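# Structural overview
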Amino acid sequence: MSTITITEQPSTHQLKLRTAYGPVYRTVLDTPPRDCDEKDIPIIDISGIYGDLDARKAVAQQIQAASTSIGFFYVKGHGISDDVIADALAQSRLFFSQPTEIKDKVNQKHSKWFNGWNSRNSSHVSETESMDYRESFGMRYEPRYDPAVDNTDSIPPEIQAGFRAEEYVWEQTANLPDFKSGILNYWRACLSLARRLIRIFALALDLPEDYFDKMTSHPDAAVALNYYPSQRELPKIDENTVSIGSHTDLQCFTMLWQDDNGGLQVLNRDGQWINAKPIPGTFVINIGDYLMRITNDRFVSTVHRAKNVTPNERYSMPFFFGFNFNETVGVLPSCIDEERPAKYDPISCEEWVRLRFAQTTQDRE
Ligand SMILES: O=C(O)CCC(=O)C(=O)O
Ligand SMILES: [Fe+2]
């Protein structure tokens, strides 16, 4: 006589996500989010990036381990000063506290390239979930403000063609006298750190340390200021009420400063949401889709979202980093071997971003 064992399947649901090539679905456990610990999302002391080659390789090893597993890690010892962060945050608070008609002057609707202000409930990142209960402000790479650029006239035209900055974001916020300098100082600090980190990523991918240097001379480097009012203001809240819906980031990597309210959630490999709690003095770094693609899926771009369930206003300041827009990159030589041939064709950064933004705007209309 044989015995039949019936194992109860945990209950799950399907989550719809945007990609450059249209929607994909993920199976997500219905169990409530749980808090992360260091085994879920490691905390890496990256102060070695300012040290000798051995110190840099030691950081690279830890970044490699995190990037090939969860695709998310905290960094401490990053070198960005508390003052630069505090000033940017103060300006962000001032900006969002203004009346709608003032913020409207810099509304993204006036932008060709997604710069400027996005009002509450104007974006819907994942269709499975609510509209995003968030306001945001975005600005993008401008060579005049890049400390590594001496002479903007000598930038080759094919690189210039990829610039997406728009001066109106500063012109239309000039009523806040320290807004431009506060945000640009933060952007510059993030840009310098990201350029150091991309060299550590090269080491982590068994490539020469300067492999990505030329590709990041004028990178797609953008700051977003996120402002999340408390969800408790809403007439109705359920588990699908989000502050920013589930998504993956599209470029190489993101460095996120978040305040101490918490709300960032990361979908782990088991399909379980975990809370990436705030850790003072850290940034959260995550891998984006383009880096996942050129590493042949070795480094993983992980789904995340945010929910501000506290009674407080929450702020975060992500910095998104990708290559120069005119770069066309295929699967990296160190990520291909006989058992793992290249899964993807080369694609330009510009085309990659265009495809994904086209999906976003299509659904918005
Ligand atoms: O605010 C957060 O915690 C996450 C923000 C985010 O994922 C984004 O802006 O891409
Ligand atoms: Fe994100």
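All residue numbers refer to positions counted from 1 along the written sequence of the respective chain. All chains are assigned letters beginning with A, and all ligands numbers beginning with 1, in the order in which they are written. Where totals are concerned, whole chains, interfaces and linings use all residues; where local detail is concerned, this predicted model gives features only for residues with pLDDT of at least 70, and gives and counts side-chain atom pairs only at 80 or more. Side-chain numbers here rest on the full set of heavy atoms in the structure, without hydrogens or water.

## Quick look at the packing of helix α2 (residues 82-96) against helix α6 (residues 179-204)
Think of each axis as a best-fit line through the C-alpha atoms, taken over the contacting stretch in the case of a helix, with angles from 0 to 180 degrees between the N-to-C directions. A run of H or I in DSSP counts as a helix once it spans at least four residues, and a run of E counts as a strand once it spans at least two, with each numbered from the N terminus. Axis separation between α2 and α6 bottoms out at 8 Å; the angle between their running directions is 135 degrees. It follows that α2 is oblique to α6 by the angle criterion. Handedness of the crossing formed by α2 with α6: left-handed. In contact with Val84, Ile85, Ala88, Gln91 and Phe95 of α2, α6 contributes Phe179, Gly182, Ile183, Asn185, Tyr186 and Ala189. Should an angle lie under 35 degrees it is considered roughly parallel, over 145 roughly antiparallel, and from 65 to 115 roughly perpendicular; all remaining angles are considered oblique. For a crossing to be left-handed, the near helix must be turned anticlockwise from the far one by less than a right angle; the clockwise case is right-handed. Throughout, a contact is declared for two residues whenever any of their heavy atoms are within 4.5 Å.

## What to know about the site of ligand 1
Nearness is judged by heavy atoms alone; a residue qualifies as near a molecule or strand once a single heavy atom is within 4 Å of it. In the vicinity of ligand 1 lie 13 residues, with Tyr228, His247, His304, Arg314 and Ser316 positioned nearest. Here a polar contact is taken to be a pair of N or O atoms separated by no more than 3.5 Å, where protein atoms must pair a possible hydrogen donor with a possible acceptor and residues adjacent in sequence count only if both atoms sit in side chains. Contact between ligand 1 and Asn226: an oxygen atom at 3.3 Å from a side-chain N or O atom of the residue. Only the protein chains shown count as covering a residue, and every accessible area follows the Shrake-Rupley method with a 1.4 Å probe. Starting from 290 Å² of accessible surface for ligand 1 in isolation, the protein chains cover 94%. Looking at the shell around ligand 1, the elements with two or more residues in it are β8 (220-228), β9 (244-247), β14 (304-306) and β15 (314-322). Sorting elements by how many residues they give to the shell around ligand 1 places β15 first, with 4 residues. In the shell around ligand 1, the residues fall into 7 nonpolar, 4 polar and 2 charged. All residues other than Ala, Val, Leu, Ile, Met, Phe, Trp, Tyr, Cys, Pro, Asp, Glu, Lys and Arg, Gly among them, are scored as polar; the first ten of these are nonpolar and the last four charged.

## Digging into the UniProt feature "domain: Fe2OG dioxygenase" (unreviewed entry) in the protein chain
Listed under "domain: Fe2OG dioxygenase" (unreviewed entry) in the UniProt record, and renumbered for this structure, are residues 218-323. Secondary structure across residues 218-323 divides into 6% helix and 41% strand, with the first and last C-alpha atoms of the span separated by 8 Å. UniProt positions are given in the numbering used here, feature names are shortened, and annotations may be inferred rather than shown by experiment.

## Focus: the nonpolar core
For soluble globular proteins, nonpolar side chains are generally found buried alongside one another. For this analysis, a nonpolar core means a set of buried residues of the types Ala, Val, Leu, Ile, Met, Phe, Trp, Tyr and Cys, connected via side-chain atoms within 4.5 Å. Relative accessibility under 20% of the residue-type maximum defines a buried residue, over 50% an exposed one, and the middle range a partly exposed one, all with a 1.4 Å probe and only protein chains included. Core analysis: the largest hydrophobic core is formed by 81 residues, its most contacted members being Phe137, Trp187, Phe253, Met255, Phe319 and Phe323. Here the element with the most residues in this core is α6; it accounts for 16 residues. Contact partners of Phe319, with chain neighbours within four places excluded, come to Trp187, Cys190, Leu191, Ala194, Ala221, Ala222, Val223, Phe253, Thr254 and Met255.

## A look at a negative patch on the surface
Patches were defined on residues exceeding 30% relative accessible area and lacking a salt bridge, with like-charge contacts within 9 Å and nonpolar side-chain contacts (Val, Leu, Ile, Met, Phe, Trp, Tyr) within 5 Å. In the sections that follow, a salt bridge refers to a side-chain nitrogen of Lys or Arg positioned within 4 Å of a carboxyl oxygen of Asp or Glu. When charges are tallied, Lys and Arg are placed among the positive residues and Asp and Glu among the negative ones, while His and the ends of the chain are skipped. In plain terms, the charge of a residue is placed at NZ if it is Lys, CZ if Arg, CG if Asp and CD if Glu. A grouping of Asp82, Asp83, Asp87 and Asp178 is seen on the molecular surface, where their side chains present a negatively charged patch. For Asp82, the position within the fold is in helix α2.

## Re the coordination of the iron ion (ligand 2)
Atoms are scored as donors when they are N, O or S and lie within 2.8 Å of the metal, with 3.2 Å used for Na, K and Ca; no water is included, so coordination may look incomplete. Only His247 (NE2), Asp249 (OD) and His304 (NE2) from the protein coordinate the iron ion (ligand 2), and they sit 2.2 Å from it. All donors of the iron ion (ligand 2) belong to a single chain; written as a sequence motif, their spacing is H-x1-D-x54-H. One end of the pair, Asp249, is in the loop between β9 and β10 (253-258); the other, His304, is in strand β14, with 55 residues separating them in the sequence.

## Description of the environment of Met255
Topologically, Met255 is positioned in strand β10. Excluding its chain neighbours within four sequence positions, the residues that come into contact with Met255 are Cys190, Leu193, Ala194, Leu197, Phe283, Val284, Ile285, Met317, Pro318 and Phe319.

## What to know about the sheet that holds strand β6 (residues 116-118)
When DSSP finds two or more bridges between a pair of strands, those strands are recorded as paired. Taken together, the 8 strands give an open sheet; going across it, the order is β4-β5-β13-β10-β15-β8-β7-β6, and neighbouring strands pair in mixed fashion. Edge positions in the sheet fall to β4 (43-45) and β6, since each of these pairs with one other strand and no more. Going across the sheet, the axis of each strand differs from the next one's by a mean of 25 degrees, ignoring polarity. Strands β6, β7 (135-139), β8, β10, β13 (283-287) and β15 of the sheet are contacted by α2, whose axis makes an angle of about 115 degrees with β15.

## Quick notes on the sheet that holds β9
The sheet built from 5 strands is open, its strands ordered β3-β12-β11-β14-β9 with mixed pairing. For this open sheet the edge positions go to β3 (34-35) and β9, each flanked by a neighbour on one side alone. Bridging between strand β11 (residues 264-267) and β14 involves 3 bridges; their strand directions are antiparallel. Among the inter-strand pairings, Leu264 is bridged to a residue of β14, identified as Ala306.

## Considering the packing of helix α1 (residues 53-67) against α6
The description of two helices packed together rests on the angle between their axes and the distance between the axes. At a closest axis distance of 8 Å, the pairing of α1 and α6 adopts a crossing angle of 75 degrees. Of the possible angle classes, the one that applies to α1 and α6 is roughly perpendicular. Together, Leu53, Arg56, Lys57, Val59, Ala60, Ile63, Gln64 and Ser67 of α1 and Leu197, Ile200, Phe201, Leu203 and Ala204 of α6 make up the contact between the two elements.

## Details of the confidence of the model for the protein chain
Per residue, pLDDT measures the predictor's confidence, with a range of 0 to 100. Per-residue pLDDT for the protein chain has a mean of 95; in total, 98% of the residues score no lower than 70. The ipTM for the predicted assembly is 0.99, set against a pTM of 0.96.

## Looking at the state of the cysteines
For this text, the term disulfide refers to a pair of cysteine sulfurs within 2.5 Å. Following the criterion strictly, the structure yields 0 disulfides and no others. Cys190 carries a free sulfur, and the closest cysteine sulfur to it, the one in Cys252, is 16 Å from it. Cysteine Cys349 shares no disulfide, and the gap to the nearest cysteine sulfur, in Cys252, comes to 6.5 Å. A residue is classified by how much of its surface remains accessible, and Cys349, at 1% relative accessible area, is buried.

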